Amino acid sequence: MITAQAVVYSEHGEPKDVLRTHTYEIDDDKIAANQIIVKTLGSPVNPSDINQIQGVYPSKPDKTTELGTSEPSAPCGNEGLFEIIKVGSNVSNFKVGDWAVPSNVNFGTWRTHALATEDQFTRLPNPEQSKAAGKPSGLTINQGATILVNPMTAYLMLTHYVQLIPGKDWFIQNGGNSAVGKYAIQISKLLGFNSISVVRDRPNLNELESELKGLGATQVITEEQNGSREFGPTIKNWVKETGGEIKLALNCVGGKNSTGVARKLANNGLMLTYGGMSFQPVILPTSLHIFKNITSAGFWITALLKNDEELKNKTLSKIVEWYENEQLVDAKSLETPFVAGGAKQLHEYYQEAVVNSAKGKQLITY
């Protein structure tokens, strides 16, 4: 028997109030032919995880008594990396030692172990397998545990909606130093696209600009420059030099910032909104719609990939390939190891991680 723990909630509310640790048993001698047992290697805290617990996220896990809770409860967490420790007699996609990630959202990744069917997981190469295949590098736990959201979001926004011409065309994004922003910079460099990244004015601006250009950013501008009509000709000259257009904008801020970004788009350009850090609405002047035919649309990776297994697997394979070839640098997380049997219960690790999320991405490792 494996004694497993999971962070669950039975009613929505703030994580500090509603989370608890549920302990349950997994009989590893009696698993069905199509089942696997996995142990967790790491799982992060994402904004969507917090919103699910609060009950304000559109996609939520069902509350059940499947784990043996006394009342219907839901396990927390959407992203995580797992290692296969046992497989059923008919399992063909996995063997013991493989790494895997959940195939769909709402699996519940804030736990030590899980019993699942093989179709609930997607295989990733572990470092030994990557090395045996002749790859320069293998996945780290942080890369595997955070692979499903930020890097895939950046890749899909850059490639799924607008055909950018390598060496010529541009995209512009705000939140240029966010995790998605840094992935977008790197991926656009790999694909040959030019980029303009908008960042907040700050005392260490030169240092940040150097960091982003080191990742592959073509140009980095401030919010003040983004909103300045006087700076517009400078951007037009950059684009003119490559003979392309700014066809795509990525918006995670909203408010006046998104207005400034949208103004840089060429005729028939597209702005994708995937976040709203300013908590302000996206404001687009009527003239952009009438005279430039600008399109504003939303991006939600959960909805895009829900019924497109081929696109999901193709995108995941591409991100893995770049990691293995050391062409992509992951966004580092602040890692906290879980100590089984220690003074803190499992849910307390995640409650502290939620509080510390303002300091950077939090990852609980096992």
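Note that the coordinates shown come from a computational prediction; the quantities given were computed from them, not determined experimentally. (Residues numbered from 1 in each chain as written. Predicted model: local features only at pLDDT ≥ 70, side-chain atom pairs only at ≥ 80, totals over all residues. Heavy atoms only, no water.)

1. Some thoughts on the domain arrangement of the chain
How big an interface is tends to be stated in terms of the accessible area lost upon association of its parts. So the rule is basically this: In this entry, domain limits derive from an automatic or database-based domain assignment. Any two residues having at least one pair of non-hydrogen atoms within 4.5 Å are treated as being in contact. Joining two parts hides part of their accessible area as seen by a 1.4 Å probe, and the buried area is that hidden amount summed over both. Counted as salt bridges are all cases of a side-chain nitrogen of Lys or Arg within 4 Å of a carboxyl oxygen of Asp or Glu. Contacts described as polar in this section are N or O atom pairs within 3.5 Å, which, within protein, must combine one atom able to donate a hydrogen with one able to accept it, while residues neighboring in sequence count only if both atoms come from side chains. Residues are sorted three ways: Asp, Glu, Lys and Arg are charged, Ala, Val, Leu, Ile, Met, Phe, Trp, Tyr, Cys and Pro are nonpolar, and all the rest, Gly among them, are polar.
Considered domain by domain, the chain is made up of domain 1 (2–146 + 333–365) and domain 2 (150–302). Listed as interface residues are six residues of domain 1 and, on the opposing side, four residues of domain 2. Taking both sides of the interface into account, the surface hidden between domain 1 and domain 2 amounts to around 370 Å²; carbon and sulfur atoms contribute 53%. It is Tyr57, Val105 and Thr146 in domain 1 that bury the most area against domain 2; as a group they hold 62% of the surface buried on that side. Our count for the contact surface shared by domain 1 and domain 2 stands at zero salt bridges. Across the domain 1-domain 2 interface, the total number found is one residue pair in polar contact (both at pLDDT 80 or more). Class assignment of the residues belonging to the side of domain 1 that touches domain 2 gives a composition of three nonpolar, two polar and one charged.

2. Some points on the nonpolar core
Using the following cut-off: Buried residues of nine kinds, namely Ala, Val, Leu, Ile, Met, Phe, Trp, Tyr and Cys, make up a nonpolar core once their side-chain atoms join them within 4.5 Å. Per-residue accessibility, obtained with a 1.4 Å probe over protein chains only, is compared with the maximum for each type, and a residue is labelled buried under 20%, exposed over 50%, and partly exposed between these values.
Within the largest apolar cluster, 39 residues are counted, with the highest numbers of intra-cluster contacts made by Leu124, Ile147, Leu156, Ile187, Leu248, Leu250 and Ile319. Mapped onto the domain boundaries, this core takes at least three residues apiece from domain 1 (2–146 + 333–365) and domain 2 (150–302).

3. Comments concerning the sheet that holds strand β1 (residues 2–9)
Our working definition: Strand pairing follows a simple DSSP-based rule, namely that at least 2 bridges must link the two strands. By definition, any uninterrupted DSSP run of H or I lasting at least four residues is a helix, any uninterrupted run of E lasting at least two residues is a strand, and each is numbered from the N terminus.
Taken in spatial order, the three strands line up as β2-β1-β4 in an open sheet, and their pairing is antiparallel. In the strand order of this sheet, the two ends are held by β2 (20–26) and β4 (74–75), each with one partner. As judged from the two bridges shared by β1 and β4, these two strands associate in the antiparallel manner. What sits directly across from Tyr9, in β4, is Ala74.

4. Re helix α14 (residues 346–355)
Within α14, seven of the ten residues are buried, which leaves the element mostly enclosed by the surrounding structure. Among the residues of α14, those classed as buried are Leu346, His347, Tyr349, Tyr350, Gln351, Ala353 and Val354.

5. Looking at helix α9 (residues 232–242)
Since the α-helix turns once every 3.6 residues, residues separated by three or four places project in the same direction. The condition is simple: Note that the arc is computed from the directions linking the helix axis to the C-beta atoms.
For α9, the complete set of buried residues consists of Gly232, Ile235, Trp238 and Val239. Along the long axis of α9, the arc covered by the buried residues comes to 125°, so they all point the same way. Exposed positions of α9 whose direction lies more than 90 degrees from the buried face are Lys240 and Glu241. Gly243 sits one or two residues past α9 and shows a positive phi near 75°.

6. Quick word on the packing of helix α6 (residues 179–191) against helix α13 (residues 309–324)
If you want to describe how two helices pack, look at the angle between their axes and the distance between the axes. Heads up, the condition is: All axes are obtained by fitting lines to C-alpha atoms, using only the stretch in contact for helices, and the reported angles, taken between N-to-C directions, cover 0 to 180 degrees. Relative orientations are named as follows: roughly parallel for angles under 35 degrees, roughly antiparallel for angles over 145 degrees, roughly perpendicular for angles from 65 to 115 degrees, and oblique for any other angle.
At a minimum axis separation of 13 Å, α6 and α13 run at an interaxial angle of 85°. Here α13 runs roughly perpendicular to α6, going by the angle between their axes. The segment α6 lies against α13, with Tyr183, Ile187, Leu190 and Leu191 engaging Ile319, Trp322 and Tyr323. In terms of residue class, the contact of α6 with α13 is built from seven nonpolar, no polar and no charged.

7. Considerations on the pairing of strand β13 (residues 270–273)
To keep things clear, this is the line we draw: Look down the strands so they point away from you; if the path from the first strand over the helix to the second goes clockwise, the crossover is right-handed.
Alternating residues of β13 divide into Leu270 and Leu272 and Met271 and Thr273, and every residue in both groups is buried. Pairing of strand β12 (residues 246–251) with β13, which is carried by four bridges, proceeds in the parallel orientation. For Ala249, the partnering residue across the bridge sits in β13 and is Met271. Regarding topology, helix α10 (residues 255–263) serves as the crossover connection from β12 to the parallel β13, and that connection is right-handed. By the bridge criterion, four bridges tie β13 to strand β14 (residues 295–298) in an arrangement that is parallel. Each residue of the ladder has a partner; that of Thr273, found in β14, is Gly298. In this fold, β13 hands off to helix α11 (residues 286–292), which returns the chain to β14; that crossover is right-handed.

8. Structural notes on the sheet that holds β12
As summarised here, the arrangement of the six strands in space is β11-β10-β9-β12-β13-β14, forming an open sheet in which the pairing is parallel. Taken across any chain shown, the strands that pair with only one partner, and hence form the sheet edges, are β11 (219–222) and β14. Direction aside, the axes of adjacent strands within the sheet are offset by 20° on average.

9. Considering the UniProt feature "domain: Enoyl reductase (ER)" (unreviewed entry) in the chain
This is how the line gets drawn: UniProt positions are given in the numbering used here, feature names are shortened, and annotations may be inferred rather than shown by experiment.
With numbering aligned to this structure, UniProt lists the feature "domain: Enoyl reductase (ER)" (unreviewed entry) at residues 17–355. Between the first and last C-alpha atoms of residues 17–355 the distance is 13 Å; the span itself is 35% helix and 21% strand.

10. Quick notes on the pattern of salt bridges
Tallying each qualifying case throughout the model produces eleven salt bridges. Of the charged contacts in the structure, one is a salt bridge between Lys86 and Asp29, with a shortest N-O distance of 3.8 Å. Of this pair, Lys86 sits in strand β5 (residues 81–87) while Asp29 sits in the loop between β2 and β3 (35–45), and the two are 57 residues apart along the sequence. A relative accessible area of 29% places Lys86 in the partly exposed class. Residue classification places Asp29 among the exposed positions, given a relative accessible area of 64%.

11. Points about the pairing of β5
Two strands pair when backbone bridges link them, and β3 and β5 are joined in this way by six bridges, in the antiparallel orientation. The residue bridging Lys39 from the neighbouring strand is Glu83, located in β5. The pairing of β5 with strand β6 (residues 99–102) spans two bridges and is classified as antiparallel. Its bridge partner being in β6, Phe82 is matched across the sheet by Ala100.

12. Some points on the side chain of Thr302
Here Thr302 lies in helix α12 (residues 301–305). Excluding residues within four positions of it along the chain, Thr302 makes contact with Tyr57 and Val105.

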